[in-house]
Amino acid sequence: MKVKIAESAGFCFGVKRAVESVYKEIENNNEKKQIYTYGPIIHNEEVVKDLKDKGVIVLDSLEELKNVTSGIVIIRSHGTSEDAYNVIKENNLTLVDETCPFVKKIHNIVQEEKNKGRHIVIIGNPVHPEVQGIKGWAGSDSTVIETEEDAYNFKIDDNKKITIVSQTTFNYNKFKYFVEIIEKKGYDINAVDTICNATHERQAEARNIASKVDAMIVIGGKHSSNTQKLYEICKKECNNTYYIQTIDDLDLSNIKENSYVGITAGASTPNNIIEEVHANVREF
Ligand code: F3S
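Please read all numbers here as calculations on a predicted model, not as lab measurements.

Colleague: Give me the lowdown on the packing of helix H9 (residues 197–210) against helix H10 (residues 225–237), citing residues and values where you can.
Modeller: Taken N-terminus to C-terminus, the directions of H9 and H10 make an angle of 30°; their axes are 8 Å apart at the nearest point. Between H9 and H10, the crossing angle belongs to the class labelled roughly parallel. Relative to H10, H9 is oriented so that their crossing is right-handed. Side by side, H9 and H10 meet where Arg202, Gln203, Ala206, Arg207 and Ala210 of the first sit next to Asn226, Lys229, Leu230, Ile233, Cys234 and Glu237 of the second. Taken together, the residues of the contact of H9 with H10 break down into five nonpolar, two polar and four charged.

Colleague: Account for a negative patch on the surface, with residues named and values stated.
Modeller: A surface patch of negative charge is lined by Glu46, Asp248, Asp249 and Glu276. You can see glutamate 276 is positioned in helix H11 (residues 271–283).

Colleague: Account for the pattern of salt bridges, naming residues and giving values.
Modeller: Scanning the model with the defined rule gives twelve salt bridges in all. Two residues, glutamate 20 and lysine 16, come together in a salt bridge whose shortest N-O distance is 3.7 Å. With glutamate 20 and lysine 16 both in helix H1 (residues 13–27) and four residues apart, the pair spans about one turn of that helix. Judged by relative accessible area, which is 42%, glutamate 20 ranks as partly exposed.

Colleague: Give me the sheet that holds strand S12 (residues 260–265): which residues, what numbers.
Modeller: Strand order across the open sheet formed by four strands is S1-S12-S10-S11, with parallel pairing between neighbours. Two strands in the sheet have a free side with no partner beyond their single neighbour: strand S1 (2–5) and strand S11 (241–244). Within this sheet the neighbouring strands show an average axis-to-axis angle of 20°, counted without direction. The pairing of S1 with S12 spans four bridges and is parallel. In the strand pairing of S12, lysine 2 is matched with tyrosine 260. Across the face of the sheet, H10 comes into contact with strand S10 (215–219), S11 and S12 while running at roughly 165° to S11.

Colleague: Go over helix H4 (residues 82–90) with me, naming the residues and quoting the values.
Modeller: For H4, every residue scored as buried is listed here: Ala84, Tyr85, Val87 and Ile88. Projected down its long axis, H4 carries its buried residues within an arc of 160°, all on one side. Counted as exposed and oriented over 90 degrees from the buried face of H4: Lys89 and Glu90. Where H4 is buried, its residues meet strand S2 (35–38), helix H3 (62–66), strand S4 (72–75), strand S5 (94–97), helix H5 (101–115) and helix H6 (129–138).

Colleague: Before we move on, can you summarise the site of the ligand with the specific residues and values?
Modeller: Taken together, Cys12, Gly14, Val15, Ser77, Cys100, Phe102, Thr168, Cys196 and Thr199 make up all the residues around the ligand. Counted by class, the shell around the ligand contains five nonpolar, four polar and no charged residues.

Colleague: Break down the pairing of S5 for me, with residues and values.
Modeller: Direction of pairing for S4 relative to S5: parallel, over a ladder of four bridges. When the sheet's bridge partners are listed, isoleucine 74 is paired in S5 with valine 96. Between the parallel pair S4 and S5, the chain is carried across by H4, and the sense of this crossover is right-handed.

How each quantity is defined
- Residues numbered from 1 in each chain as written.
- Predicted model: local features only at pLDDT ≥ 70, side-chain atom pairs only at ≥ 80, totals over all residues.
- Heavy atoms only, no water.
- Axes fitted to C-alpha atoms, helices over the stretch in contact; angles between N-to-C directions.
- Helix = DSSP H or I, 4+ residues; strand = E, 2+ residues; numbered from the N terminus.
- Parallel < 35°, antiparallel > 145°, perpendicular 65-115°, else oblique.
- Left-handed = near helix turned anticlockwise from the far one by under 90°.
- Contact = heavy atoms within 4.5 Å.
- Nonpolar A, V, L, I, M, F, W, Y, C, P; charged D, E, K, R; others polar.
- Patch = residues over 30% accessible without salt bridge, like charges linked within 9 Å, V, L, I, M, F, W, Y side chains within 5 Å.
- Areas by Shrake-Rupley, 256 points an atom, 1.4 Å probe, with all protein chains shown as cover.
- Salt bridge = Lys/Arg side-chain N within 4 Å of Asp/Glu carboxyl O.
- Lys, Arg positive; Asp, Glu negative; His and termini not counted.
- Charge placed at Lys NZ, Arg CZ, Asp CG, Glu CD.
- Buried < 20%, exposed > 50% of the residue type's maximum accessible area, 1.4 Å probe, protein only.
- Pairing = 2+ DSSP bridges.
- Arc of directions from axis to C-beta.
- Near = heavy atom within 4 Å.
- Right-handed = clockwise from strand over helix to strand, strands pointing away.

So far we have only geometry, and geometry alone does not tell us how the molecule works.
Set out below in structure tokens:
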């Protein structure tokens, strides 16, 4: 089997930094404080399980966070809303903020633009924690748009000016398309492409590889939105595209011998999983 593995596959800078930070906190925790992450540190069950075995507790909601009165709380790369920061402060918890700088930049943009009285449109998945965090900073005068239909149905006061941002891992072509739909409605808009470079590069490389191979394998957690986007992009170019979480999901029976196979992976996929899949496909 000839295999092409994407150079951009796997942990991006923001995720790598956040995961390493949790391990660092565990190592340096001389006072034996309880370590929490506010939400799973990444969309990867294996990593989250390893951290749990080392004593890290995942807080799944603001309510759970409110009940914590001591310890270290690590905010993941997706970032979070202002509410969570306030609770951490009020409860005197130690904050380790691993919000990716690219996400932090979006928080700053939406705060500034909100203060200018503009309506904020966030293009992204409304249930994704990153989008919920951005929405928290954007305030109530904001709308999340996820689909073409949402963009067509979008309507606010005609005199209101709009600033549009994107979830960092959104599909760039879709972002552009949704901005065009909103623009045609005649609003005064300021669209800021906040899709991060790591995502741009990963998507462009995946598209390129998928257009050349006989089969494409996309590796990532099933809740990982950037992996889902990668799958969509690859599937468009190569009908023979497979979405797997780990080596156990890999079914090579549909791939013909001597095929040219491409591999890419989402931002929360550890290297060892990518390597395992790579080795198996190569030897098939
Ligand atoms: Fe940050 Fe981009 Fe990764 S926003 S967390 S570097 S996908």
